[in-house]
Amino acid sequence: MSEKTPISPIGTSRAGTMDTVGSDNAIPAEVGDVGALLVERLRAWKHAVGYLEAYITQTESLHRVLHKEYAKVLKTVDEPLREGHHFNQSVGGVASFFENLRANTVRLSQSHTETASELKSTVLPILERLHKEIRDRQKHVQAECEKSNKAVTKARNSTQQHIELLGQHAAAFESVGGVSAGSHGGLLLKLHHTNTGGKPKPENDPYLLKKGVMNRLSKQVLEENSQRQDLIGVQNHSQQFEAHVVETIQSALTAFNHTLGTQGDIQKQLYGDILEKGNSIPPDFEFVNFLTRNAETLIDPSAPKRTVESIRYPNEDHHSTTPLMEGSLARKGKIMRSYYSAYYVVTPSKYLHEFKDTDHLNKDPEPEMSLYLPECTIGALSKEGKFQISGKDAGSALKGLSTKHDFAFKAGNYSEAQKWYEAIGKCAGLKTDQSPVSTPTTTPAAVETGPPAYEAPAGQETGTTTVATRSSAPAGQETGTTTVATGSSAPAPAAAPAPVPVEKAA
């Protein structure tokens, strides 16, 4: 085994000396920049005041906008009122209410302009001055803190350099007496005896170096304590300055509240006046005056109601409007082949109109059927008071497609039937001597949809109907005779007897 070299106590002492080159007690560790913190806090207050300035500035702008908006509101009420003559122009009516509404709206618009001007001239200057104070205070604190920081930093750097120099020469002193210092000890020795022929310089004497450290520590501590006192003063003044800031903000808010409160009171008063004027109008004030002013035009409730009978109009009694004959008649249906009653009118225009009823006042008189009699043929009157008219329904919706039909009628008695027959006969285009069969024949298997059966004259074949049409041919000429088959299988006769001509009604 190789022998271990004993550790020299001198080397151990030198290592301890080198460990003291840096000292936490001499140069305290930085725990925070007090000045920067205070400057940052002032900057926060500056921003807070800036927020209030912006808020009040926007509020001031809002009231200027409201001034313009109320001008638009004012334009919604025309001056003068449209159709304003309908309202009473005296005080206490609708017209005076709108005059009051316009006046109060103008005052509302002006109040917002006054409020905006008050905010700009009274409230904002308080905050602007405070903002400038905070900015100046921030600059001052920042400058003082930077100045004291520079002095303390310079003193600490000087102390640190001397402590390091003391450590170097104290370590060199430990290495002077032995070779155990090694290469490291030789380096320190060289530094300790540079250009002195082996002896240390006087200024490098550890004793003097320590005194120099103490001197510099004294200056450093003085600077540190001076800075400390300055920062304490800044802290204390910051507390007082913040109290001033808060009080100034409160003063600005008081002025702000007073300005807006005044405007709010004005607005409340003006709207209250509008409400009072509106509520003071008696409910019937306007209408009573309206009735008085327009008595000649308005309806008198005590006057009797109008009636149709009391109304007169042109051509009311014209002879073309007076019926030749009107009343109830029964007509045979086309399908059921049974008679039903309706209201019929023969007009001077030579129409036979059929109505469901006589209520022509509540609904428009639309005939169920209209026969233009000059284009129709009327048969003979039977003993039962029956007669037949052949023609087209002129009132049909499909006039172009309407075909000729036979319409069978009967009255309640022969005397009444005779009146109808005479009235219709005067208007009819032709008369024949055909008369309806007394009892119409129907079969159970099928219902006849054609015209009713007639008693054929002597020599006429059953199953054919002869209809004479209006003609102006001379006597002896065969014209206007039409033979229509009615479904019988018997052969048609060679010729049908000519109808008996009848003079047309004038």
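In this text the structure is predicted, and so the values were computed from the model without any measurement.

**Let's talk about the overall build of the protein**
So, point 1. When helices and strands are counted, the protein shows seven helices and ten strands.
So, point 2. In the form shown here, the protein has an accessible surface area of approximately 32,800 Å², with 56% of it arising from carbon and sulfur atoms.

**Description of the nonpolar core**
Side chains that are nonpolar tend, in soluble globular proteins, to be buried together.
So, point 1. Ranked by size, the top nonpolar core spans 24 residues in total, and within it Leu352, Phe387, Ile389, Phe409, Trp420 and Ile424 carry the most contacts.
So, point 2. Of all the secondary structure elements, the ones that give two or more residues to this core are β1 (325-332), β2 (339-346), β4 (369-372), β6 (386-391), β7 (405-410) and α7 (414-427).
So, point 3. When residues of this core are assigned to their parent elements, the largest contribution, six residues, is made by α7.
So, point 4. Discounting chain neighbours no more than four positions away, the residues touching tryptophan 420 are Met325, Glu326, Gly327, Ser328, Leu329, Tyr344, Val345, Val346, Leu352 and Phe387.
So, point 5. The next biggest cluster of nonpolar side chains, apart from the first, holds 23 residues, and it includes Trp45, Leu124, Ile134 and Ala252.

**As for the packing of helix α3 (residues 94-174) against helix α5 (residues 206-279)**
So, point 1. Relative to each other, α3 and α5 sit at 175°, their axes nearing to 9 Å. Regarding the angle of α3 to α5, the classification is roughly antiparallel.
So, point 2. Tallied by class, the residues present in the contact of α3 with α5 amount to 35 nonpolar, 24 polar and 13 charged.

**Re the pattern of salt bridges**
A pair can form between side chains of opposite charge whenever their charged atoms are brought close.
So, point 1. Applying the stated criterion across every chain, the model contains ten salt bridges.
So, point 2. The partner of lysine 72 in a salt bridge is glutamate 69, and the shortest N-O contact between them spans 3.5 Å. Taken as a pair, lysine 72 and glutamate 69 lie in helix α2 (residues 34-75) at a separation of three residues, close to a single helical turn.
So, point 3. Looking at glutamate 69, the relative accessible area reads 34%, which means it is partly exposed.
So, point 4. Here glutamate 224 ties to arginine 156 by a salt bridge, and the two come within 2.5 Å at their closest N and O atoms. Of this pair, glutamate 224 sits in helix α5 while arginine 156 sits in helix α3, placing them 68 residues apart in sequence.

**Side note on the side chain of glutamine 138**
So, point 1. For glutamine 138, the position within the fold is in helix α3.
So, point 2. Take glutamine 138: its relative accessible area is 9%, and that puts it in the buried class.
So, point 3. The contact partners of glutamine 138, leaving out residues within four places of it in the chain, are Val39, Leu42, Arg43 and Lys46.

**Side note on the sheet that holds β4**
So, point 1. Taken in spatial order, the eight strands of this open sheet run β4-β3-β2-β1-β7-β6-β5-β8, and their pairing is mixed. Bordering the open sheet on either side are β4 and β8 (430-431), each of which pairs with just one other strand.
So, point 2. Two strands pair when backbone bridges link them, and β6 and β7 are joined in this way by six bridges, in the antiparallel orientation. For phenylalanine 387, the partnering residue across the bridge sits in β7 and is phenylalanine 409.

**Structural notes on the packing of aromatic side chains**
So, point 1. If you walk through the whole model with that rule in mind, you get seven aromatic pairs.
So, point 2. Pairing tyrosine 55 with phenylalanine 256 gives two aromatic rings, centres 6.1 Å apart and planes at 65°, and the pair type is edge-to-face. With tyrosine 55 in helix α2 and phenylalanine 256 in helix α5, the pair connects residues that are 201 residues apart, well separated along the chain.
So, point 3. When its relative accessible area of 52% is taken as the criterion, tyrosine 55 is described as exposed.
So, point 4. Plain terms: the ring middles of phenylalanine 97 and phenylalanine 98 are 5.3 Å apart, the flat faces sit at 70° to each other, and that makes the pair edge-to-face.
So, point 5. Among the aromatic residues, those joined into a ring-pair cluster are Tyr344, Phe387, Phe409 and Tyr421.

**A short note on the side chain of histidine 162**
So, point 1. Its location among the elements puts histidine 162 in helix α3.
So, point 2. Take histidine 162: its relative accessible area is 16%, and that puts it in the buried class.
So, point 3. What histidine 162 contacts, discounting residues up to four positions off in sequence, is Leu209, Gly212, Val213 and Arg216.

**Comments concerning the packing of α2 against α3**
So, point 1. Interaxial distance between α2 and α3 falls to 8 Å at its minimum, and their mutual angle equals 165°. Classed by the angle they form, the pair α2 and α3 counts as roughly antiparallel. Here the hand of the crossing between α2 and α3 comes out left-handed.
So, point 2. Taken together, the residues of the contact of α2 with α3 break down into 23 nonpolar, 16 polar and ten charged.

**Some points on α7**
So, point 1. Helix length check: α7 (14 residues) gives 20 Å between terminal C-alpha atoms against 20 Å at 1.5 Å per residue, within 8%.
So, point 2. Of all the residues in α7, the buried ones are Ala417, Trp420, Tyr421, Ala423, Ile424, Gly425 and Cys427.
So, point 3. Tucked inside the fold, the buried residues of α7 contact β1, β2, β3 (351-355), β5 (377-378), β6 and β8.
So, point 4. Regarding α7, its N-cap is asparagine 413, as a side-chain oxygen of that residue lies 3.2 Å from the backbone nitrogen of serine 415 further along.

**A few points about the pairing of β2**
So, point 1. Of the pairings in the sheet, the one linking β1 to β2 comprises eight bridges and is antiparallel in character. Each bridged residue has a counterpart across the sheet, and for leucine 329 the counterpart in β2 is alanine 342.
So, point 2. Remark: six residues form the turn of the hairpin made by β1 and β2, two consecutive strands paired antiparallel; arginine 337 in that turn has positive phi of roughly 60°.
So, point 3. As paired elements, β2 and β3 share four bridges and run antiparallel to each other. Following the sheet pairing, valine 346 is matched in β3 by leucine 352.
So, point 4. What sits between β2 and β3 in their antiparallel hairpin is a turn of four residues, with lysine 350 showing a positive phi close to 70°.

Criteria and thresholds
Residues numbered from 1 in each chain as written. Predicted model: local features only at pLDDT ≥ 70, side-chain atom pairs only at ≥ 80, totals over all residues. Heavy atoms only, no water. Helix = DSSP H or I, 4+ residues; strand = E, 2+ residues; numbered from the N terminus. Areas by Shrake-Rupley, 256 points an atom, 1.4 Å probe, with all protein chains shown as cover. Core = buried A, V, L, I, M, F, W, Y, C linked by side-chain atoms within 4.5 Å. Buried < 20%, exposed > 50% of the residue type's maximum accessible area, 1.4 Å probe, protein only. Contact = heavy atoms within 4.5 Å. Axes fitted to C-alpha atoms, helices over the stretch in contact; angles between N-to-C directions. Parallel < 35°, antiparallel > 145°, perpendicular 65-115°, else oblique. Nonpolar A, V, L, I, M, F, W, Y, C, P; charged D, E, K, R; others polar. Salt bridge = Lys/Arg side-chain N within 4 Å of Asp/Glu carboxyl O. Pairing = 2+ DSSP bridges. Phe/Tyr/Trp six-rings, centres within 6.5 Å; stacked < 30°, edge-to-face > 60°. Left-handed = near helix turned anticlockwise from the far one by under 90°. Expected span 1.5 Å × (residues − 1). Polar contact = N/O pair within 3.5 Å; in protein donor to acceptor, adjacent residues only side chain to side chain.

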